[in-house]
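Read off the chains here:
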Amino acid sequence: MPAPITLDTVRAAPSARWQSFDARKSYPLDLSKALWIQLQLSANAPTVGWNVKLPKPSIDSVELYVPRLEGGWRVQAAGDHIAQTAWPVHGLHPQFVLPDLAVGTTTVFVKMTSAVPVSFDLQVLSPKQAQSDTLDHFLRSGLVLALMLSMAFISACLALIYRDAAYACYSIYALLAIITASSYSGWGGYLLWPEATRWPERSTDVSLLVCLMAQMVFCYATFSPQRLHRAFTPVAWSAAALTTVCTGVVMASDDVSVRAMTFFLGMLINWPVITAMVYVRLRQGDLSAKLWILAYVPLWATI
């Protein structure tokens, strides 16, 4: 439904306009539209402390409308456009606390806005389920980030010991990869920018572009300029400069379509250069090029 529509208009809408929710479906939202979800919560006994959770790493805003006993509606809001310190539950993903539910059926509404199409799984969890789910996600994602941080630290130590530029480049690349993963998983907003309202929606794209540029510089240092064709030096630094410009546009622009096109342009600038360097070193029988394919092709394919 279009976005100046109010909650009263949505409640008055005929039942024929409502569709069954499907977590596998991608909903074609943009900033001029909003997705309204009606939840019928049935309780056979009084319930306390249940949660509505949206395990979605990045979405512009989510609002939960809950009826008050004295009349009117209580509104809770979370999402990229809202500082995490103002979320009802300070965590990695938008999460809301339901009021105590009496026996019977309670109707609540969820309003979602997003500049890009989204698919998501809206969850209604008991207090025990919510606690277990949150702890599980904290442990799994935290362990991955800790392992990545240890790799960055070890590489930095090796760079200092051996004075090797390849180790230094890899440590920088690993740190940027940590920031990228933090942005996507929710740790970035939870720890690094809890007060931000503009940066979260572009943090993953920006950090991924810079991370890919660091990957190119790492490949250049690993494969050694002396062993590559001399044309790679100006090409690599030109690609780095163009990626820097693309990163600046993604950071500064408020136009979603401009950010998206610039992001993919920045990705396309780096990949041919990296691919060409790997191909040349493969032709020269470099084992590190073969290891690069085994390690990074699956990684970037999943990203």
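In this report, the structure presented in the accompanying data block is examined. (Residues numbered from 1 in each chain as written. Predicted model: local features only at pLDDT ≥ 70, side-chain atom pairs only at ≥ 80, totals over all residues. Heavy atoms only, no water.)

### A few points about the pairing of strand β4 (residues 73-78)
Working note: regular strand, side chains alternate between the two faces of the sheet.
In step 1: Relative to β4, strand β3 (residues 61-67) runs antiparallel, the two being bridged by six bridges. Its bridge partner lying in β4, Val66 is registered against Arg74. (Pairing = 2+ DSSP bridges. Helix = DSSP H or I, 4+ residues; strand = E, 2+ residues; numbered from the N terminus.)

### Section: a nonpolar patch on the surface
In step 1: Taken together, the side chains of Val245, Val249, Val258 and Met261 define a hydrophobic patch exposed on the protein surface, amounting to about 330 Å² of accessible area.
In step 2: Residue assignment for the nonpolar patch shows that the elements contributing at least two residues are α6 (232-252) and α7 (256-283).
In step 3: Look at Val249 and you get partly exposed, because its relative accessible area is 31%. (Patch = residues over 30% accessible without salt bridge, like charges linked within 9 Å, V, L, I, M, F, W, Y side chains within 5 Å. Areas by Shrake-Rupley, 256 points an atom, 1.4 Å probe, with all protein chains shown as cover. Salt bridge = Lys/Arg side-chain N within 4 Å of Asp/Glu carboxyl O. Buried < 20%, exposed > 50% of the residue type's maximum accessible area, 1.4 Å probe, protein only.)

### Here's the deal with the sheet that holds strand β2 (residues 51-53)
In step 1: Strand order across the open sheet formed by three strands is β5-β2-β7, with antiparallel pairing between neighbours. Each edge of the open sheet is held by one strand with a lone partner, namely β5 (95-97) and β7 (123-125). Along the sheet, successive strands turn relative to each other by an average axial angle of 20°, direction set aside.
In step 2: Examined bridge by bridge, β2 and β5 share three bridges and lie antiparallel to one another. Within β5, the residue paired with Asn51 across the bridge is Val97.
In step 3: Contacts from helix α2 (residues 127-162) reach β2, β5 and β7, with the element oriented near 115° to β7. (Axes fitted to C-alpha atoms, helices over the stretch in contact; angles between N-to-C directions. Contact = heavy atoms within 4.5 Å.)

### Comments concerning the pattern of salt bridges
In step 1: Across all of its chains, the model carries eight salt bridges by this definition.
In step 2: Here Arg68 ties to Glu70 by a salt bridge, and the two come within 3.8 Å at their closest N and O atoms.
In step 3: Glu70 gets classed as exposed once you look at its relative accessible area, which sits at 64%.
In step 4: Two residues, Arg259 and Glu201, come together in a salt bridge whose shortest N-O distance is 3.8 Å.

### Notes on the packing of aromatic side chains
In step 1: The full count for this structure, using the stated rule, is 14 aromatic pairs.
In step 2: A ring pair is formed by Tyr173 and Phe218, whose centres lie 6.4 Å apart and whose planes are at 5°; its orientation type is stacked. Within this pair, whereas Tyr173 is found in helix α3 (residues 165-185), its partner Phe218 is found in helix α5 (residues 200-223), the two being separated by 45 residues in sequence. Per residue, the accessibility class of Tyr173 equals that of Phe218, and both read buried.
In step 3: Ring-pair connections join several aromatic residues into one group, and the members of that group are Trp18, Trp73 and Phe109. (Phe/Tyr/Trp six-rings, centres within 6.5 Å; stacked < 30°, edge-to-face > 60°.)

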